[in-house]
Amino acid sequence: MADTIIIRVQSPDGMKKITSTKRDTATAFLKKVAKEFGLNSIGFSVYLNRNKTEELLSQNKTLNLLKIKHGDMLYLVPSGSPTSSGEVMDTATPHSSTSLPSVSSSSSSSSSSMIPRSFSAPQVQEDEIDQYLTKQDGKIYRNKDPQLCHHGSLGKCVHCVPLEPFDEDYLNHLDPPVKHMSFHAYLRKLTGGADKGKFAALENISCKIKSGCEGHPPWPEGICTKCQPSALTLSRQKYRHVDSIMFENHTIADRFLDFWRKTGSQRMGYLYGRFTEHKDIPLGIRAEVAAIYEPPQNASQNSLELVEDPKAAAVDEIAAKLGLCKVGWIFTDLLSEDTRIGTVRYTRNNDSHYLSAEECITAGYFQNLHSNPCRLSRDGHFGSKFVTVVATGGPDNQVHFEGYQVSNQCMALVRDECLLPCKDAPELGFAKESTPEQYVPDVFFKDTDKFGNNVTFLARPLPVEYLIIDITTTFPKDPQYTFCSTQRFPIENRDILGETQNFHSLATYLSQCTSTAFLDIVSDFHLLLFLVTNEVMPLRDSIGLLLDAVRTSDEDLAQTWKKSEQWATIEQLCSTVGGQPSSSQGYGAMGGSSVPASSSAMWSCLHCTFMNQPGTEHCEMCSLPRS
């Protein structure tokens, strides 16, 4: 028994202890390793050092001669595995592994020379912005302090040495302070140790029972610690996938709000744009919104219901060809307070809620649909860049746009159907209880009781602020225009307003653009959607050249497409229906009224935005002329 030794073997799947003796040969020891790890049919290598040096070869030398002692750590690398993995890092308090698609709450990455190679999803194509930020240095460079630095121009000290992008003191001293570091800064933090993140792995949270456990009957007759998901303790996520949301110009938001102004009903839309670098935050990501697509929906003053959209695939396809993608969704929650001065109620605040539980669940559903590709995750995806924007009343009783995401823990709860809204308390969610059909792990959150003690509570109910990450939403000082048309083609799915997309409205639109360059005429997202999805003459297979012209702002390319047979047919159809202005076009260029006095449509005052009855020349509210 004195010769018995225990050797620790670290592999990508974890560490195991191999019982052996000093007199065992290397060949016999390797056979024990293969049996313990189940690698009899798979080639592998065992190294004495972590950096894959001094491989333990199959030979007749004893472990004693090879100087392998009791308690030594060896490192196993399966054939074809680019690296090994040990410690799992995750912001979730519990750790649970699963082969099911899932979303978690942390990650690891670094610069191109520091990033650990992916071990399970090497073929994942990451987003362009992720590939770009991975190659950036990311450090925060500081100038020499004239009072504290006493060295030469080439020297560095603690007062001027570059800071890491995850430095909390630096982020807290920004104006305004940054509560959440960027996702890529958090990856640098995980991979900034001595091992450069070599043993940092990404683990997605799962709230489902692992399949394939054969030691007992399936749930609800049996469950064991191997297949049972761990309990989940909710905590504030330290990072966010998107650090800022920016609308390219005010026109995008104003046209979206027009629906509420005219009907009083709420509205929902998908945000299409691109992800770019946000330079105000180290290694930050900004979602730039270029257009809003409004899907079919049933709306009222207090509710929204989405219906099936047969054009959804076509919209995504057109956006991709324009260099855009779906970056988020937006909805209104507006109640008019004083119609005379155009104010709205301030309803979302500390005393009520910022996002309701139902909205958090919807946001989690969308984020799960648009997961973030990540080659550092075994599942090939991790978190999401999909954002949520709420148009609601602010403290000054004006319309404000507030941006949010839900945490990766919330995404996991929503994906595995463990979270429910409370009917009478929108600020509270409820973690489901286990049933014979579904096992639900316990969900906890920490709070302070009336005596000031830090207490753990069961999430029944659950304050949704534990699940929310706020994101700054802005408009640029200098407006940007991906779609530069100065005229306004009717927005889709607004038939309730009398704004329809048909060839009559197209003829009206073209008649207003007689002196404009052709590229500017067709540079309208809603017009391009109509050309592709209309039922009379859809151009889905022949509009590629025009989309390239809009994407690259190439007038010559647009003129080439204009000479095509397809456009000639479109012009012929427009001339057939006539180009006279119709009541479906309620607004002209730059917000001015394009409807003549004899029109039967309601019109909005340019001065106070009050909706006036047709046939009037002066605003009923402010008495100013219509023009």
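Structure: above.
Treat the numbers as computed from the prediction; the structure is a model and nothing was measured.

Digging into the sheet that holds strand β24 (residues 443-448)
Step number 1: Overall, mixed pairing links the three strands, which are arranged β8-β24-β25 in an open sheet. On the outer flanks of this sheet lie β8 (232-234) and β25 (454-458), each paired with one strand and no other. Within the sheet, the average angular offset between the axes of one strand and its neighbour, ignoring direction, is 35°.
Step number 2: Two elements, β8 and β24, share three bridges in a ladder whose sense is parallel. Across the sheet, residue leucine 232 finds its bridge partner in β24, namely valine 443.

Regarding the sheet that holds strand β23 (residues 428-431)
Step number 1: Judged by pairing direction, the sheet is antiparallel, and its three strands sit side by side in the order β22-β23-β26 without closing on themselves. Lying at the two open borders of the sheet, with one neighbouring strand each, are β22 (419-421) and β26 (462-463).
Step number 2: Where β22 meets β23, three bridges bridge the pair, whose relative direction is antiparallel. Residue pairing for β23: proline 421 is matched across the bridge by glycine 429.
Step number 3: Taken strand by strand, helix α7 (residues 357-369) contacts β22 and β23, and its axis lies near 140° from that of β22.

Focus on helix α8 (residues 408-415)
Residue pairs spaced three or four apart in an α-helix point in one direction, given the helix's 3.6 residues per turn.
Step number 1: In terms of residue burial, α8 counts as a mostly covered element, since seven of its eight residues are buried.
Step number 2: Positive phi shows up at glutamate 417, right after α8, with a value of about 55°.

Notes on the pattern of salt bridges
Step number 1: Counted according to the given criterion, the structure contains 24 salt bridges.
Step number 2: Of the charged contacts in the structure, one is a salt bridge between aspartate 333 and arginine 348, with a shortest N-O distance of 2.8 Å. Of this pair, aspartate 333 sits in strand β15 (residues 325-333) while arginine 348 sits in the loop between β17 (343-344) and α7, and the two are 15 residues apart along the sequence.
Step number 3: Judged by its relative accessible area of 6%, arginine 348 is buried.
Step number 4: A salt bridge links arginine 494 to glutamate 499, with the nearest nitrogen and oxygen atoms 4.0 Å apart.
Step number 5: In the salt-bridge network here, residues are joined through shared partners; they are Lys262, Arg267, Glu294, Arg494 and Glu499.

Re the environment of alanine 231
Step number 1: Residue placement: alanine 231 occurs in the loop between β7 (201-202) and β8.
Step number 2: Looking at alanine 231, the relative accessible area reads 34%, which means it is partly exposed.
Step number 3: Considering only alpha carbons, one finds alanine 231 and aspartate 442, 211 residues apart in sequence, at a separation of 4.8 Å.

Some points on unusual backbone geometry
Step number 1: Here the bond from tryptophan 219 into proline 220 is cis, since omega is 15°, no more than 30 degrees from zero.
Step number 2: By the element assignment, proline 220 lies in the loop between β7 and β8.
Step number 3: The amide bond that connects arginine 460 to the next residue, proline 461, takes the cis arrangement and shows omega of 10°.
Step number 4: Among the secondary structure elements, proline 461 is positioned in the loop between β25 and β26.

A short note on helix α14 (residues 565-577)
Step number 1: Spanning 13 residues, α14 covers 19 Å between terminal C-alpha atoms, matching the ideal 18 Å at 1.5 Å per step.
Step number 2: The complete set of buried residues in α14 reads Trp567, Ile570 and Cys574. End-on view of α14: buried residues confined to an arc of 55°, all on one side of the axis. Exposed side of α14, more than 90 degrees from the buried face: Glu565, Gln572 and Thr576 are the residues found there.
Step number 3: For α14, the elements touching its buried residues are α9 (503-511), α10 (518-522), α11 (525-533) and α13 (555-562).

Focus on the environment of glutamate 277
Step number 1: Take glutamate 277: it is sitting in strand β11 (residues 268-278).
Step number 2: Residue classification places glutamate 277 among the partly exposed residues on the basis of a relative accessible area of 26%.
Step number 3: For the pair glutamate 277 and aspartate 243, spaced 34 residues apart in sequence, the C-alpha to C-alpha distance is 9.5 Å.
Step number 4: Sequence-distant contacts of glutamate 277, that is, excluding residues within four places in its chain, are made with Ile129, Tyr132, Leu133, Gly284 and Arg286.
Step number 5: Of the polar contacts made by the side chain of glutamate 277, one reaches the side chain of tyrosine 132; its length is 3.3 Å.

What to know about the side chain of histidine 184
Step number 1: Residue position: histidine 184 is located in helix α4 (residues 183-190).
Step number 2: When near neighbours in sequence (up to four residues on either side) are disregarded, histidine 184 contacts Asp130, Leu133, Thr134, Leu283 and Ile285.

Quick word on the packing of helix α12 (residues 544-552) against α13
Step number 1: Across the interface, α12 lies against α13 with an axial gap of 8 Å and an inter-helix angle of 160°. One finds that α12 runs roughly antiparallel with respect to α13. As α12 runs across α13, the sense of the crossing is left-handed. Residues Leu545, Leu546, Asp548 and Ala549 of α12 touch α13, and the partners they reach there are Leu557, Ala558, Thr560 and Trp561.
Step number 2: Residues of the contact of α12 with α13, tallied by class, amount to six nonpolar, one polar and one charged.

Conventions and cut-offs
Residues numbered from 1 in each chain as written. Predicted model: local features only at pLDDT ≥ 70, side-chain atom pairs only at ≥ 80, totals over all residues. Heavy atoms only, no water. Pairing = 2+ DSSP bridges. Helix = DSSP H or I, 4+ residues; strand = E, 2+ residues; numbered from the N terminus. Axes fitted to C-alpha atoms, helices over the stretch in contact; angles between N-to-C directions. Contact = heavy atoms within 4.5 Å. Buried < 20%, exposed > 50% of the residue type's maximum accessible area, 1.4 Å probe, protein only. Salt bridge = Lys/Arg side-chain N within 4 Å of Asp/Glu carboxyl O. Expected span 1.5 Å × (residues − 1). Arc of directions from axis to C-beta. Polar contact = N/O pair within 3.5 Å; in protein donor to acceptor, adjacent residues only side chain to side chain. Parallel < 35°, antiparallel > 145°, perpendicular 65-115°, else oblique. Left-handed = near helix turned anticlockwise from the far one by under 90°. Nonpolar A, V, L, I, M, F, W, Y, C, P; charged D, E, K, R; others polar.

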